[in-house]
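# Close look at the chain arrangement
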Protein chains: 4
Amino acid sequence: MMTGEQYLASLDDGRATYFEGRKIENILDDKIMGEAARLIAAGYDKLYRPGPDATSPLMSIPRSAEDLKARLPVVSDADIVANTTNQSIMTLMTAAGRIGDEHPEYARRIQAWIEDAQRRDIRITECITDGKGDRSLSPGKQADPDAYTRVVERRPDGVVIRGAKLHITGASLGHETMVIPTKAMKPGEEDYAIACAVPVNAPGVKIVNTSYAPRHEDDRVFPVSRQNHMPEGFVIFDDVFVPEERIFLNGETKHAGQFAHSLGLWERLGGLTFMANEADELVGFAQLIAEANGLAKVQHVREKISEMIIHATLIRGALEAAIANCVIGDNGAAFPSELYTNAGKYQAATQYNMMCRHLHDIAGGSVLTAPSIADLENNEVGPLVRKYMTANPEIDGECRIKLFHAIRDLTADAMGGWRYVTNIQAGGGLYAQRIVTRKHYDMEHAKKKALHAAKMLPEHAAE
Amino acid sequence: MMTGEQYLASLDDGRATYFEGRKIENILDDKIMGEAARLIAAGYDKLYRPGPDATSPLMSIPRSAEDLKARLPVVSDADIVANTTNQSIMTLMTAAGRIGDEHPEYARRIQAWIEDAQRRDIRITECITDGKGDRSLSPGKQADPDAYTRVVERRPDGVVIRGAKLHITGASLGHETMVIPTKAMKPGEEDYAIACAVPVNAPGVKIVNTSYAPRHEDDRVFPVSRQNHMPEGFVIFDDVFVPEERIFLNGETKHAGQFAHSLGLWERLGGLTFMANEADELVGFAQLIAEANGLAKVQHVREKISEMIIHATLIRGALEAAIANCVIGDNGAAFPSELYTNAGKYQAATQYNMMCRHLHDIAGGSVLTAPSIADLENNEVGPLVRKYMTANPEIDGECRIKLFHAIRDLTADAMGGWRYVTNIQAGGGLYAQRIVTRKHYDMEHAKKKALHAAKMLPEHAAE
Amino acid sequence: MMTGEQYLASLDDGRATYFEGRKIENILDDKIMGEAARLIAAGYDKLYRPGPDATSPLMSIPRSAEDLKARLPVVSDADIVANTTNQSIMTLMTAAGRIGDEHPEYARRIQAWIEDAQRRDIRITECITDGKGDRSLSPGKQADPDAYTRVVERRPDGVVIRGAKLHITGASLGHETMVIPTKAMKPGEEDYAIACAVPVNAPGVKIVNTSYAPRHEDDRVFPVSRQNHMPEGFVIFDDVFVPEERIFLNGETKHAGQFAHSLGLWERLGGLTFMANEADELVGFAQLIAEANGLAKVQHVREKISEMIIHATLIRGALEAAIANCVIGDNGAAFPSELYTNAGKYQAATQYNMMCRHLHDIAGGSVLTAPSIADLENNEVGPLVRKYMTANPEIDGECRIKLFHAIRDLTADAMGGWRYVTNIQAGGGLYAQRIVTRKHYDMEHAKKKALHAAKMLPEHAAE
Amino acid sequence: MMTGEQYLASLDDGRATYFEGRKIENILDDKIMGEAARLIAAGYDKLYRPGPDATSPLMSIPRSAEDLKARLPVVSDADIVANTTNQSIMTLMTAAGRIGDEHPEYARRIQAWIEDAQRRDIRITECITDGKGDRSLSPGKQADPDAYTRVVERRPDGVVIRGAKLHITGASLGHETMVIPTKAMKPGEEDYAIACAVPVNAPGVKIVNTSYAPRHEDDRVFPVSRQNHMPEGFVIFDDVFVPEERIFLNGETKHAGQFAHSLGLWERLGGLTFMANEADELVGFAQLIAEANGLAKVQHVREKISEMIIHATLIRGALEAAIANCVIGDNGAAFPSELYTNAGKYQAATQYNMMCRHLHDIAGGSVLTAPSIADLENNEVGPLVRKYMTANPEIDGECRIKLFHAIRDLTADAMGGWRYVTNIQAGGGLYAQRIVTRKHYDMEHAKKKALHAAKMLPEHAAE
């Protein structure tokens with residue numbers, strides 16, 4: 001396994017990555033990119049076990065509900081690129097199981113690549129969402145044929161791909177990127193039915209980064225996001241060669257959707273796990289700030305916190321049900337229930353804004369206007385700020401200020417905006433979750449229940 | 001065990017029961033009361049097993065999550081008085097476990113009474129909600145001291161009780177009623193801390209019934225409620241003597257709340273189970289009527305059905321989590337998780353009206369205005385009604401009419417109103433579920449999570 | 001003008017009307033139909049002014065915002081068939097203004113027919129919604145060509161029509177029915193582009209009625225609906241001849257949608273007015289029952305009532321804005337704002353179930369289980385029922401019981417179901433209201449505002 | 001009247017203002033504070049009219065609904081400190097009318113001070129919210145008696161005040177601050193019943209500022225907030241002397257609430273106006289980004305935009321109704337309806353997060369991850385970014401990127417967080433708006449309507 005230090009060294013591999021108009025020559029020298037890299041390095045150190053046979057728990061395959069449940073805290077504590085690594089492995093495993101019967105060669109390559117990834121203990125990011133061009137047109141009918149990533153040249157030893165993948169969290173900081181079709185493809189769209197693994201430093205890969213990392217010179221203003229940010233990559237494949245062994249689908253349109261469906265399941269399980277924890281976290285902030293404000297016993301405050309608790313419990317219940325009702329695939333791997341995973345993720349995403357509204361309603365305007373720690377240190381106004389920011393006399397004004405800062409940073413500033421949007425968008429938007437839940441719901445059973453209630457089943461005719 | 005016929009015969013025991021101003025001399029002779037009694041009788045026949053050692057599954061004690069799960073379909077298929085019988089047994093078992101250490105005598109009496117109930121295979125109803133008088137005053141401060149059921153006389157061999165219990169489903173059709181305090185009591189309210197079992201035909205018990213049963217002469221107009229109604233009893237204890245062996249609490253105010261809390265858990269589990277099924281049923285009706293209307297592929301209709309599906313799945317997920325996270329008590333009995341049970345019940349109750357709105361929105365005005373089956377049989381207009389009520393040509397107009405009738409009966413008529421209200425009120429109202437969920441939520445864990453996110457735990461001080 | 005008595009006499013005109021399988025030979029002899037007829041008769045008496053020149057205020061044309069506002073209480077107090085009469089007149093006036101330029105002959109006929117209707121002081125019902133068959137197919141492509149009402153024969157002096165119109169409130173109790181296309185028609189659907197006025201007793205008109213009228217023998221159980229019900233007509237045109245003077249559109253498909261659009265505006269204004277009053281009524285019930293329960297000062301009860309108040313106020317605000325922003329047409333008639341009318345109606349309809357949920361949550365289970373007035377009169381249990389149904393000692397138990405009965409009747413019984421469904425469906429369903437609001441919203445203005453905020457207007461380029 | 005330049009010069013008056021730990025010696029030299037000052041200066045120039053008699057429209061008194069309506073665009077276009085100036089004048093006018101009868105001296109001083117403010121054309125900020133200490137205790141019972149601003153010394157010619165006022169928008173950039181009690185006071189709390197006007201540069205006034213202004217070096221990343229931010233002041237009165245002529249209330253506890261109530265009305269009208277415009281703006285962004293994404297015709301996108309339109313229309317309707325139903329006070333000034341103002345503000349605030357959720361759902365993840373303008377200018381990746389960010393071929397990729405940037409800046413970044421919180425908190429939080437709406441709703445009318453519906457009015461007894 002790799003140590004954090006080895007990981008940081010591994011980034012100096014000639015990758016072409018850009019940030020706010022500049023090419024980044026040395027990732028570690030860039031304040032924001034460097035901080036994110038060190039977050040991943042810390043994740044390596046946390047999981048590191050010595051010895052040649054040690055493999056990362058991120059790459060092990062769960063085989064039961066117990067395995068899935070045991071993995072939850074590992075995943076919850078890991079950084080986001082560790083998560084995408086785990087999800088990528090699970091996605092390819094899932095897809096291999098679904099296409100292996102018809103295309104054993106692809107399944108073999110996937111297996112070989114996963115074993116190599118385990119051996120190298122690399123980080124993998126998920127390249128799925130294409131530029132997409134005009135959403136009302138299919139890939140083959142776009143004004144720009146590159147709107148969806150495609151094969152532009154076939155060579156004896158591999159293919160050349162062109163296109164762009166958007167919203168690729170941590171793309172510049174992984175070692176490889178799993179490239180899969182953004183959706184199902186139709187006959188005639190063979191060039192778009194391409195799945196493969198591409199090293200980040202492959203010639204022609206160019207990554208443009210964005211980040212919500214705070215730009216404030218005083219890190220204390222952003223107690224959460226100062227250490228907890230990851231660049232989003234806009235990954236451009238500017239005619240990149242992919243050798244045969246790294247190609248997992250190449251033209252078989254009927255299977256193109258399998259990869260996205262597989263990723264969707266694992267991304268949404270990840271999202272549901274994250275949001276179950278996040279929901280508890282919001283309850284905790286609501287209770288802490290209510291106490292700091294001296295409002296913890298006021299009935300309408302208690303009611304709002306109760307609603308936040310019920311929300312958090314429903315999300316957690318869906319997660320528990322998704323795992324308890326997991327399915328064991330042909331290859332022995334355990335998959336969480338699509339039904340509960342998607343329904344839980346949908347509820348968490350649709351109600352997230354409402355929970356933040358409750359938190360803000362309880363906390364009050366100081367979420368925005370609490371003075372800074374630097375103000376507390378100013379001799380002329382610091383003692384006065386501390387005095388007047390004390391509400392519940394048992395809780396020091398500085399402590400209350402820090403709670404406000406954390407709430408602002410998490411829910412009412414750049415990182416907050418990131419959460420607002422990604423809670424909805426990660427794993428494919430609300431619409432996708434409705435579609436999938438519907439697909440996996442037992443509609444015939446529900447119809448039969450209704451006909452039973454209406455006394456319209458054949459057995460009722462005799463009555 | 002008792003057969004349905006034996007049950008019906010057992011009702012002729014001198015009980016004093018009233019319906020719409022009249023005393024009911026013979027229950028079976030009254031159309032509405034008789035129908036309800038026969039529904040219970042059919043339930044007896046469904047569960048009947050011969051032999052002297054046979055006992056009703058309604059009275060067995062679950063000892064694991066598997067037991068609880070296995071019981072779900074039994075409970076779902078049973079009539080409502082079979083359900084209250086089951087809940088009463090579980091409530092007393094739960095309460096016995098909680099007060100037995102301090103008051104072994106009460107635990108012994110409860111055990112003996114349960115065994116007798118099993119032997120006799122009786123039906124039990126739950127007398128909990130008092131008249132309550134002015135809600136802003138405690139029992140001891142009411143203008144009328146009888147607003148809460150109380151002991152008015154203590155005799156060597158028992159007590160005399162006075163008061164009224166409201167909303168007692170099926171009270172007139174059970175054999176005994178479990179009488180418990182409606183809430184916790186304080187010192188000085190000893191006379192109100194009374195729990196006991198009272199036969200329905202005990203002198204002084206008077207029951208006033210109400211019913212949503214349809215009064216229409218043509219039963220076909222109410223395909224669901226025509227066979228599926230149960231009178232609600234307003235149970236008056238007009239100075240009723242209760243012998244010692246049937247008294248389960250007598251003056252120990254500190255334990256008065258235990259009975260209601262125990263009942264609350266089992267009632268809400270019952271409610272959650274019912275509503276999980278009901279939610280699937282509503283999805284089924286929405287899909288069936290969308291198909292009958294020729295609207296099943298319209299996107300906004302599909303979206304609404306997807307929301308109904310997600311709702312149904314969240315409820316089911318909470319039920320699964322409540323059982324998977326059950327607690328095994330000292331006496332070996334399994335109790336569902338209070339946390340998930342209450343959160344799930346709350347969500348089901350608060351969103352029920354919204355789900356009905358979706359159903360009505362999809363179904364259209366014919367929910368109200370679909371002609372009757374009698375109209376279909378009229379020579380002059382019947383064929384025309386059938387012709388014009390056919391929408392999707394693959395579904396006969398009569399079938400569509402029947403779906404509309406069932407939807408009206410279930411959601412937009414007297415039975416629909418009963419469901420609207422009881423889904424909220426059964427088990428204690430929305431407020432009670434918020435309180436209990438909050439009580440069982442791990443708030444300290446949530447606060448710690450928040451402090452961790454804010455980097456405010458002691459371990460962060462060093463950073 | 002007509003008196004109530006004259007109106008009742010006028011119904012004996014040979015009309016073919018059916019109810020629950022039977023043909024109604026004499027409307028006044030049928031309990032339910034007769035009650036509804038007498039409700040309309042009372043409405044006649046309330047508006048009656050003597051003299052040959054007197055005309056009904058239901059048929060006067062508003063010419064300003066003040067006129068529209070002054071009309072609100074008239075409309076609110078009137079019965080539902082008086083309302084459809086008013087809406088029919090306004091619909092035809094509106095449509096005449098929109099098609100008169102191209103087809104002055106139709107405008108002339110409409111004007112003549114309205115004047116005749118004023119002179120005769122008749123009641124008019126609105127025949128719009130067709131059977132519709134398969135909703136995914138247009139009228140000309142249905143398996144049954146009669147799924148939408150159409151002309152089946154053209155004669156020199158008029159046309160013969162065939163089809164059915166659904167959900168026609170009071171159809172059997174009006175004098176004439178305004179028949180208009182259910183939606184816009186396309187070229188090739190000329191036979192479906194038919195608008196006309198048809199007397200209820202015209203040969204071939206057959207009406208099948210449904211009613212939510214209570215069937216209980218004791219009227220006191222249904223204090224509201226016992227007097228306040230109106231049959232819904234399923235109106236069949238079984239080859240009905242319509243003479244030329246009564247034809248208002250005949251084949252001009254491009255104008256077919258105008259009638260429905262015109263009716264939609266007036267129906268939704270009527271709906272909005274009704275629901276603004278209904279929302280206040282629900283607030284009143286919530287406050288009264290909270291007081292009767294002794295809960296009026298409990299904070300979570302007050303919060304729920306506050307939300308009901310805010311809802312009622314928003315609806316009222318939309319109604320005020322719809323009138324304040326009315327448009328004066330070419331013919332001098334005032335039309336309420338489509339924008340505010342539709343937005344207000346939508347809000348009222350979508351939140352109605354939620355407001356009833358609040359009411360039920362505050363009121364408690366006695367909404368369903370309050371004993372009857374007959375029980376109060378029973379010597380054995382009446383005094384006990386009164387005693388135990390008293391909560392707040394300042395409010396008599398009987399008064400509280402009556403409030404529960406009214407709440408049940410209005411929101412949790414057959415009439416309640418009628419309101420649940422019609423609040424959504426009247427005027428075309430939620431979807432229709434979204435479409436129309438969108439159509440009348442100034443989107444270009446909103447886009448410009450957004451571009452201004454984004455500093456993306458041409459004027460910002462220079463900055 | 002003052003020009004922008006004169007305004008900027010007037011800030012150099014010795015005021016003690018602090019920002020992130022530093023004392024600001026020269027406001028114009030500080031990047032963030034200077035930008036905000038120049039925004040106010042531009043507002044001066046926009047309103048400037050020459051001549052000695054010219055007075056600012058911000059300080060004129062509306063006398064009719066027309067006046068109120070005419071003022072809306074003035075207020076909407078003005079900066080936020082111009083708004084607080086206007087609201088302060090209106091608040092004092094309103095309060096003077098309410099306390100003038102009993103205390104003509106205060107009314108006289110208010111009148112004189114307003115005239116002086118008009119003459120000097122100053123900017124005024126609103127100092128209302130105290131530190132408050134423990135919210136469960138009244139001002140007189142706090143551990144720290146200064147938790148609410150109070151008089152600590154009475155002198156012949158005035159008083160000395162001590163305390164802190166929080167969330168005072170633009171406090172450091174106004175000329176004077178209107179200091180009023182945060183709430184009603186009780187007998188014994190005379191020292192807290194203090195209202196007055198205090199110049200910002202009075203000795204003892206110390207202001208600690210916070211700001212959401214972007215700290216990014218490239219202004220183009222924040223197209224909206226780069227020019228559109230205003231510091232929030234934490235205003236400390238560290239023993240500040242206030243001369244008699246500037247004191248508007250001094251110990252009369254019974255009137256202490258009048259100032260806050262008056263301010264609440266005008267703040268909420270301002271908030272409602274702002275949010276009505278903001279709602280249209282969000283609709284505009286939703287439509288523009290849907291078009292740029294090529295999604296404008298997708299049904300579920302259209303549905304979401306329809307809901308946003310209906311929301312915007314309801315808010316606008318409440319604003320129209322608030323003005324149409326204004327009240328003319330004794331002194332001839334027009335006050336908007338408290339009822340509609342509060343109900344509209346509540347709806348706008350509670351649904352704001354939901355509207356942003358719709359916008360984010362429609363826009364997609366590029367709200368967060370759209371590359372920067374600097375990236376577009378980079379030779380190596382700029383053309384590729386433009387190419388792949390083009391969706392609808394009729395809309396250039398750069399234009400789409402700019403829309404994403406504006407949406408992020410407004411709704412998913414620091415300024416977005418400011419809006420999330422202030423939309424709820426400005427004017428006193430959701431709870432306050434419920435309270436006030438309730439207070440001004442005609443509850444007796446609603447109860448009478450309910451009793452009428454229930455047939456329980458005296459007039460029904462005879463029936």
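In the annotation of an unreviewed UniProt entry, the entry for chain A reads 4-hydroxyphenylacetate 3-hydroxylase, and the organism field reads Minwuia thermotolerans.

## Quick word on the overall build of chain A
Each helix and strand counted, chain A has 15 helices and twelve strands in total. Taken over the C-alpha trace, chain A has a radius of gyration of 25 Å; the compact-globule value for 463 residues is 23 Å, and the two agree within 12%. In terms of overall dimensions, chain A has C-alpha extents of about 80 × 75 × 50 Å along its principal axes. For chain A, buried positions account for 61% of its 463 residues. Long-range pairs, those at least 24 residues apart, make up 75% of the contacts in chain A between residues at least 6 apart in sequence.

## Overview of the UniProt feature "binding site: FAD" (unreviewed entry) in chain A
Residue and element names in this part refer to chain A. In the numbering used here, UniProt assigns the feature "binding site: FAD" (unreviewed entry) to Thr169. With respect to the helices and strands, the residue Thr169 is situated in strand 5 (residues 158-169). Residue contacts for Thr169: discarding those within four places in its chain leaves Ile80, Thr84, Thr125, Met230 and Glu232.

## Some points on the relation of the copies chain C and chain D
Of the transformation placing chain C onto chain D, the axial shift is 0.0 Å and the rotation is 180°, giving an RMSD of 0.0 Å. As the rotation angle and translation indicate, the two copies are arranged about a two-fold axis. Taken together, the interface assignments show that 100% of the residues at the interface of chain C recur at the interface of chain D, consistent with an identical surface on both copies.

## With respect to the sheet that holds strand 7 (residues 194-199) of chain D
Residue and element names in this part refer to chain D. One open sheet holds the four strands; their spatial order is 3-6-7-10, and the pairing between them is mixed. Of all the strands in the sheet, the pair left with one neighbour each is strand 3 (124-127) and strand 10 (247-250). Here the average twist between neighbouring strands, direction ignored, is 20°. With three bridges connecting them, strand 7 and strand 10 associate as antiparallel partners. Its bridge partner lying in strand 10, Ala195 is registered against Leu249. In the packing of helix 4 (residues 80-99) onto the sheet, the strands contacted are strand 3 and strand 6 (176-179), and the crossing angle to strand 3 comes to about 65°.

## A word on the pairing of strand 7 (residues 194-199) of chain C
All names here are of chain C. Of all six residues that make up strand 7, five are buried, and the element is covered over most of its length. In the sheet, strand 6 (residues 176-179) pairs with strand 7 via four bridges, with the strands oriented antiparallel. Bridging across to strand 7, Val179 finds its partner in Cys196.

## Side note on the interface of chain D and chain A
Every contact between the two is made by 72 residues of chain D and, on the other side, 73 residues of chain A. With eight residues, the single largest contributor to the side of chain D that touches chain A is helix 13 (residues 414-425) of chain D. For the side of chain D that touches chain A, the class distribution of residues is 28 nonpolar, 24 polar and 20 charged.

## Re the packing of helix 3 (residues 65-77) of chain D against helix 6 (residues 256-292) of chain D
Helix packing for two helices is described by the angle between their axes and how far apart those axes are. Residues and elements named next belong to chain D. Contact geometry for helix 3 and helix 6: axes closest at 10 Å, N-to-C directions at 75°. With respect to helix 6, the element helix 3 is oriented roughly perpendicular. Between helix 3 and helix 6, the contacting residues are Leu72, Val75 and Ser76 on the first element and Gly270, Thr273 and Asn277 on the second.

## Here we look at the sheet that holds strand 2 (residues 22-23) of chain D
Residue and element names in this part refer to chain D. Reading across from one edge, 2-1-8-9-5-4 is the order of the six strands in this open sheet, with mixed pairing throughout. Looking along the sheet, the strands with just one partner apiece sit at the ends: strand 2 and strand 4 (150-155). As paired strands, strand 8 (residues 205-210) and strand 9 (residues 232-243) are joined by six bridges and run antiparallel to one another. Bridge pairing links Val205 to Phe237 in strand 9.

## With respect to the environment of A:Ile305
All names here are of chain A. In this structure, Ile305 sits in helix 7 (residues 299-324). Measuring from C-alpha to C-alpha, the distance between Ile305 and Leu359 comes to 8.2 Å, with 54 residues separating the pair along the chain. Filtering out sequence-adjacent residues up to four positions away, Ile305 remains in contact with Val283, Ala286, Gln287 and Ala290.

## As for the interface of chain C and chain D
Facing the 46 residues of chain C at the interface are 46 residues of chain D. For the side of chain C that touches chain D, the elements supplying multiple residues, two or more each, are helix 6 (256-293), helix 7 (299-324), helix 8 (338-363), helix 12 (397-411), helix 14 (429-440) and helix 15 (443-453) of chain C. Here the side of chain C that touches chain D takes eleven residues from helix 7 of chain C, the largest share from any one element. Across the side of chain C that touches chain D, the residue classes break down as 25 nonpolar, ten polar and eleven charged.

## Quick notes on the nonpolar core
Core analysis: the biggest nonpolar cluster contains 623 residues, and A:Ile407, B:Ile407, C:Ile407 and D:Ile407 have the highest contact counts within it. Contact partners of A:Ile407, with chain neighbours within four places excluded, come to A:Phe285, A:Ile289, A:Leu359, A:Ala363, A:Val367 and A:Ala412.

## Thoughts on the environment of A:Phe19
Residues and elements named next belong to chain A. Along the chain, the position of Phe19 falls in strand 1 (residues 16-19). Between the C-alpha atoms of Phe19 and Ile207, which are 188 residues apart in sequence, the distance is 8.5 Å. Discounting chain neighbours no more than four positions away, the residues touching Phe19 are Ile24, Asp30, Met33 and Asn209.

## Here we look at the pairing of strand 9 (residues 232-243) of chain C
As paired strands, strand 5 (residues 158-169) of chain C and strand 9 of chain C are joined by ten bridges and run antiparallel to one another. Bridge pairing in strand 9 of chain C places C:Ile161 opposite C:Val240.

## Thoughts on the confidence of the model for chain A
For chain A, the mean per-residue pLDDT works out to 93, and 100% of the residues sit at or above 70. Quick note on the complex model: pTM equals 0.94, ipTM equals 0.94.

## Observations concerning the packing of helix 15 (residues 443-453) of chain A against helix 6 (residues 256-293) of chain B
Put simply, helix 15 of chain A and helix 6 of chain B touch, their axes get as near as 7 Å, and they point 95° apart. As the angle between them shows, helix 15 of chain A and helix 6 of chain B are arranged roughly perpendicular. Here A:Met443, A:His445, A:Ala446, A:Lys447, A:Lys448, A:Lys449, A:Ala450 and A:Ala453 of helix 15 of chain A lie close against helix 6 of chain B, whose contacting residues are B:Asn277, B:Asp280, B:Glu281, B:Val283, B:Gly284, B:Phe285, B:Gln287 and B:Leu288. The residue makeup of the contact of helix 15 of chain A with helix 6 of chain B, split by class, is seven nonpolar, four polar and five charged.

## With respect to helix 13 (residues 414-425) of chain B
All names here are of chain B. Between its terminal C-alpha atoms helix 13 stretches 16 Å, which fits the 16 Å expected from twelve residues at 1.5 Å a residue. Among the twelve residues that make up helix 13, twelve are buried, leaving the element largely enclosed by the rest of the structure. Once helix 13 finishes, Gly427 follows within two positions and takes phi at roughly 80°, a positive value.

## A look at unusual backbone geometry
In this model, B:Lys455 sits at a positive phi of 55°, which is unusual for a non-glycine residue. Summarising the element assignment, B:Lys455 is placed in the segment after helix 15 (443-453). Residue B:Lys455 is classed as partly exposed on the basis of its 18 C-beta neighbours within 10 Å. Although it is not a glycine, D:Glu20 adopts a positive phi angle of roughly 55°. Along the chain, D:Glu20 turns up in the loop between strand 1 (16-19) and strand 2.

## Quick word on the environment of B:Ala260
Residues and elements named next belong to chain B. In this structure, Ala260 sits in helix 6. Assessed through the 22 C-beta atoms surrounding it within 10 Å, Ala260 is described here as buried. Each C-alpha atom, one on Ala260 and one on Thr129, is 9.4 Å from the other, the two residues being 131 residues apart in sequence.

Reading the values: the criteria
- Residues numbered from 1 in each chain as written.
- Chains lettered and ligands numbered in written order.
- Predicted model: local features only at pLDDT ≥ 70, side-chain atom pairs only at ≥ 80, totals over all residues.
- Helix = DSSP H or I, 4+ residues; strand = E, 2+ residues; numbered from the N terminus.
- Rg over C-alpha atoms; globule rule 2.2 N^0.38 Å.
- Buried ≥ 20, exposed ≤ 12 C-beta atoms within 10 Å, placed from the backbone.
- Contact = placed C-beta atoms within 7 Å.
- UniProt positions renumbered as here; feature names shortened; annotations may be inferred.
- Least-squares fit on C-alpha atoms with pLDDT ≥ 70 in both.
- Pairing = 2+ DSSP bridges.
- Axes fitted to C-alpha atoms, helices over the stretch in contact; angles between N-to-C directions.
- Nonpolar A, V, L, I, M, F, W, Y, C, P; charged D, E, K, R; others polar.
- Parallel < 35°, antiparallel > 145°, perpendicular 65-115°, else oblique.
- Core = buried A, V, L, I, M, F, W, Y, C linked by C-beta atoms within 7 Å.
- pLDDT = per-residue confidence, 0-100.
- Expected span 1.5 Å × (residues − 1).

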